[in-house]
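# Descriptive structure summary
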Amino acid sequence: KYPQNDETRTELAHLRSLWDRKKEVQETYATWTSFLWNDIDTEALEDLNKKLLKALRAFGEENSVVKGWQVYRDIEKEIKDMNVILPLINSLHSDAMRDRHWNGVARVCNVKVVDPSDPRFTFEDMLNLEI
């Protein structure tokens, strides 16, 4: 029996777990893209995103070898990026936003118009602005 085989099996199990986590994060974000602008609950999304990051970091603490893997860093970056976006979405979701503000957003994002009053305007539409 070779001890390296057991270590390799363990690392393969960790790698599989990380790819499952990556899939979970991507599927979670994919479901968010269809949320209509008026139905977005950014606080709930922020809470869920924090839980995703906390779970990833806990897995990294339990299995420190994974922290050096690119897939771990990619998942962490994706979640952190969403942690930056969600507070912006929350601010833009404010009732204080007026047409002139949306016109400013459109100018900054180099698009003709941003119309959150459109009943088909979604979270994905906002993400596509690449704020």
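Residues numbered from 1 in each chain as written. Predicted model: local features only at pLDDT ≥ 70, side-chain atom pairs only at ≥ 80, totals over all residues. Heavy atoms only, no water.

## What to know about the overall build of the protein
- Scanning the protein from terminus to terminus reveals five helices and zero strands.
- Starting at the N terminus and ending at the C terminus, the protein contains elements arranged as α-α-α-α-α.
- In terms of overall dimensions, the protein is more spread out than a globule: its C-alpha atoms have a radius of gyration of 19 Å, far above the 14 Å expected for 131 residues.
- Buried residues in the protein amount to 32% of all 131 residues.
- Considering only contacts within the protein whose residues lie at least 6 apart along the sequence, 70% involve residues at least 24 apart.
- For the protein, the separation between the mean place of its 19 positive charges and that of its 24 negative charges on side chains is 3 Å. (Helix = DSSP H or I, 4+ residues; strand = E, 2+ residues; numbered from the N terminus. Rg over C-alpha atoms; globule rule 2.2 N^0.38 Å. Buried < 20%, exposed > 50% of the residue type's maximum accessible area, 1.4 Å probe, protein only. Contact = heavy atoms within 4.5 Å. Lys, Arg positive; Asp, Glu negative; His and termini not counted. Charge placed at Lys NZ, Arg CZ, Asp CG, Glu CD.)

## Describing the side chain of Glu46
- Among the structural elements, Glu46 can be located in helix 2 (residues 42-62).
- In this structure Glu46 is buried but unpaired, with Lys50 as the nearest side chain of opposite charge at 5.2 Å. (Salt bridge = Lys/Arg side-chain N within 4 Å of Asp/Glu carboxyl O.)

## Describing the nonpolar core
- Ranked by internal contacts, the top residues of the largest apolar core, which has 30 residues, are Leu18, Trp37, Ile79, Trp102, Val105, Phe123 and Met126.
- When contributions to this core are tallied by element, the ones reaching two or more residues are helix 1 (3-33), helix 2, helix 3 (70-92), helix 4 (99-108) and helix 5 (123-128).
- In this structure, Met126 is in contact with Trp37, Ile89, Leu92, Trp102, Phe121 and Ile131, ignoring residues within four places of it in sequence. (Core = buried A, V, L, I, M, F, W, Y, C linked by side-chain atoms within 4.5 Å.)

## A look at helix 2
- The end-to-end C-alpha distance of helix 2 is 30 Å, a good match for the 30 Å that 21 residues give at a rise of 1.5 Å each.
- What helix 2 keeps buried is the set Thr42, Leu45, Glu46, Asn49, Leu52, Leu53, Leu56, Phe59 and Gly60. Here the buried residues of helix 2 occupy an arc of 150 degrees about the axis, which is enough to place them on one side. Those residues of helix 2 that are exposed and angled more than 90 degrees off the buried face are Glu43, Lys50, Lys51, Lys54, Glu61 and Glu62.
- Buried residues in helix 2 make contact with helix 1, helix 3 and helix 5. (Expected span 1.5 Å × (residues − 1). Arc of directions from axis to C-beta.)

## Considering the packing of helix 1 against helix 3
- In contact at an axis separation of 9 Å, helix 1 and helix 3 are set at 25 degrees when each is read in the N-to-C sense. The pairing of helix 1 with helix 3 is recorded here as roughly parallel in orientation. Seen along the crossing, helix 1 lies across helix 3 with a hand that is left-handed. Note on element contacts: helix 3 touches helix 1 through Val71, Tyr72, Asp74, Ile75, Glu78, Ile79, Met82 and Leu86, opposite Leu15, Leu18, Trp19, Arg21, Lys22, Val25, Gln26, Tyr29 and Trp32.
- Class assignment of the residues belonging to the contact of helix 1 with helix 3 gives a composition of twelve nonpolar, one polar and four charged. (Axes fitted to C-alpha atoms, helices over the stretch in contact; angles between N-to-C directions. Parallel < 35°, antiparallel > 145°, perpendicular 65-115°, else oblique. Left-handed = near helix turned anticlockwise from the far one by under 90°. Nonpolar A, V, L, I, M, F, W, Y, C, P; charged D, E, K, R; others polar.)

## As for the pattern of salt bridges
- Under the defined criterion, the tally for this structure stands at seven salt bridges.
- Arg9 is the salt-bridge partner of Asp6, the closest N and O atoms lying 3.3 Å from each other. Taken together, the residues Asp6 and Arg9, both in helix 1 and three residues apart, mark about one turn of the helix.
- Overall, the relative accessible area of 55% leaves Arg9 in the exposed class.
- Ionic pairing is found between Lys23 and Glu27, a salt bridge with its closest N-O pair at 3.8 Å. With Lys23 and Glu27 both in helix 1 and four residues apart, this pair spans about one turn of that helix.

Interpretation in functional terms is not warranted from these geometric data alone.
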